Amino acid sequence: MTNHTSTEPPASRGTLIVFEGGDGSGKSTQAERLAARIDAVFTREPGGTRIGDLIRSLVLDPDHVELADRTEALLMAAARAQHVDELIEPTLRAGRHVVSDRYVASSLAYQGVGRGLGVDVVADLNRFATAGVTPDLTVFLDADPMAARGRLGSDLDRIENAGAALGEQVVDTYRMLAAADPVGWVVVDANGSIDEVGERIDAVLSDRLGL
Ligand code: TYD
């Protein structure tokens, strides 16, 4: 016996799918494509909410050269906390899927390894920020970092400005995280046309999540 007074059956929880990859891997295009296909709410980090977008402009502005690495990590986590509370958790609870362009693993890769703050400390910070909301599947789009950098163009944000070394560390970290958690992660070859990569992603989603 339950105490439900409503006659509505409880909606089954939505699925959280996260796309990760280095800058220029094509992940934003693929995340949006998938979201449209499965009728999910598409969102991105840092951002996804009004507060998050304000934090995004603060943290990515190339003029903010004095921004300390710990400040950067805290701002990313703050934007994420707002994102979880305001958008991700309510959407999942209402039974809709969410596709996010980046999530916690971006902070592990860019701040934890790239900025040298340490993966464990950044993971702890993000457990607080997310209140334990974890992805059902993280899709890592694995592209050659040098080729991806070539696709970035010249209008770089503050983090992209940090250069090729950071880009390589980021990609190595994703490969390591994916290898350590083969159930939660899937690695997709990001080399090829948008349609070719998209078809690989569709096959994975059908196989792993039945979507
Ligand atoms: P964005 O323009 O969204 O780049 P991309 O198209 O590559 O996703 O900028 C996001 C930048 O912020 C990107 O350089 C990665 C960085 N970032 C972090 O350093 N830590 C984080 O936790 C997140 C979410 C992003």
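Just above sits the structure.
Criteria and cut-off values
Residues numbered from 1 in each chain as written. Predicted model: local features only at pLDDT ≥ 70, side-chain atom pairs only at ≥ 80, totals over all residues. Heavy atoms only, no water. Helix = DSSP H or I, 4+ residues; strand = E, 2+ residues; numbered from the N terminus. Rg over C-alpha atoms; globule rule 2.2 N^0.38 Å. Buried < 20%, exposed > 50% of the residue type's maximum accessible area, 1.4 Å probe, protein only. Contact = heavy atoms within 4.5 Å. Areas by Shrake-Rupley, 256 points an atom, 1.4 Å probe, with all protein chains shown as cover. Lys, Arg positive; Asp, Glu negative; His and termini not counted. Charge placed at Lys NZ, Arg CZ, Asp CG, Glu CD. Pairing = 2+ DSSP bridges. Axes fitted to C-alpha atoms, helices over the stretch in contact; angles between N-to-C directions. Polar contact = N/O pair within 3.5 Å; in protein donor to acceptor, adjacent residues only side chain to side chain. Near = heavy atom within 4 Å. Nonpolar A, V, L, I, M, F, W, Y, C, P; charged D, E, K, R; others polar. Core = buried A, V, L, I, M, F, W, Y, C linked by side-chain atoms within 4.5 Å. Parallel < 35°, antiparallel > 145°, perpendicular 65-115°, else oblique. Left-handed = near helix turned anticlockwise from the far one by under 90°.

## Overview of the overall build of the protein chain
Check the secondary structure of the protein chain and you find 8 helices and 5 strands. The C-alpha radius of gyration computed for the protein chain amounts to 17 Å, which stays within 12% of the reference 17 Å derived for 211 residues, consistent with globular compactness. Viewed in the frame of its principal axes, the protein chain has a C-alpha envelope of about 60 × 35 × 30 Å. Here the protein chain holds 211 residues, and the buried ones make up 46% of them. Taking the contacts inside the protein chain whose residues are at least 6 apart along the sequence as the reference set, 76% of them involve residues at least 24 apart. In the structure as shown, the protein chain presents an accessible area of about 10700 Å², 52% of it carried by carbon and sulfur atoms. Averaging the positions of the 20 positive and the 33 negative side-chain charges in the protein chain gives two centres separated by 2 Å.

## Observations concerning the sheet that holds strand S2 (residues 41–44)
The 5 strands are arranged S2-S3-S1-S4-S5 in an open sheet whose pairing can be described as parallel. The open sheet terminates on both sides in strands that have one partner only, identified here as S2 and strand S5 (185–189). Strand-to-strand twist of the sheet, defined as the mean angle between neighbouring strand axes without regard to direction, takes the value 20°. Here 4 bridges tie strand S1 (residues 16–20) to strand S4 (residues 137–142), and the two strands are oriented parallel to one another. In the strand pairing of S4, Val-18 is matched with Thr-138.

## Topic: the environment of Glu-72
The residue Glu-72 is located in helix H3 (residues 69–93) in this model. Classification of Glu-72 by relative accessible area gives buried; the value is 0%. For the pair formed by Glu-72 and Thr-49, sequence separation is 23 residues and the distance between their alpha carbons is 18 Å. In contact with Glu-72, not counting residues within four places along its chain, are Val-59, Leu-67, Gln-111, Arg-115, Arg-158 and Ile-159. Reaching out from Glu-72, the side chain makes a polar contact with the side chain of Gln-111 at a distance of 2.6 Å.

## Here's the deal with the site of the ligand
Every one of the 16 residues lining the ligand counts as a neighbour, but Asp-23, Lys-27, Arg-102, Ser-107 and Gln-111 are closest to it. Taken by itself the ligand offers 540 Å² of open surface, and the protein chains cover 90% of this. Breaking the shell around the ligand down by element, the ones donating at least two residues are helix H1 (27–38), helix H2 (50–60), H3 and helix H4 (104–114). When residues in the shell around the ligand are grouped by element, the largest group, 4 residues, is from H4. Partitioning the shell around the ligand into residue classes produces 5 nonpolar, 4 polar and 7 charged.

## Quick notes on the nonpolar core
Of all hydrophobic cores here, the largest spans 32 residues; its most connected members are Leu-16, Ile-88, Tyr-103, Tyr-110, Val-133, Tyr-174 and Trp-185. Where this core is concerned, the elements lending two or more residues are S1, H2, H3, H4, helix H5 (119–130) and helix H7 (164–180). With 7 residues, H3 is the largest single contributor of residues to this core. Dropping the residues within four chain positions of it, Val-133 is found in contact with Leu-16, Val-84, Ile-88, Glu-89, Leu-92 and Tyr-103.

## Focus: the packing of H3 against H5
Where H3 meets H5, the closest approach of the two axes is 8 Å, and the angle between their N-to-C directions is 25°. Between H3 and H5, the crossing angle belongs to the class labelled roughly parallel. As for the relative orientation of H3 and H5, their crossing is right-handed in sense. In this structure, H3 uses Ala-73, Leu-74, Ala-77, Arg-80, Ala-81 and Val-84 to contact H5, whose residues at the interface are Leu-125, Asn-126, Ala-129 and Thr-130. Of the residues assigned to the contact of H3 with H5, the class counts are 7 nonpolar, 2 polar and 1 charged.

So yeah, pure geometry; function would need other evidence.
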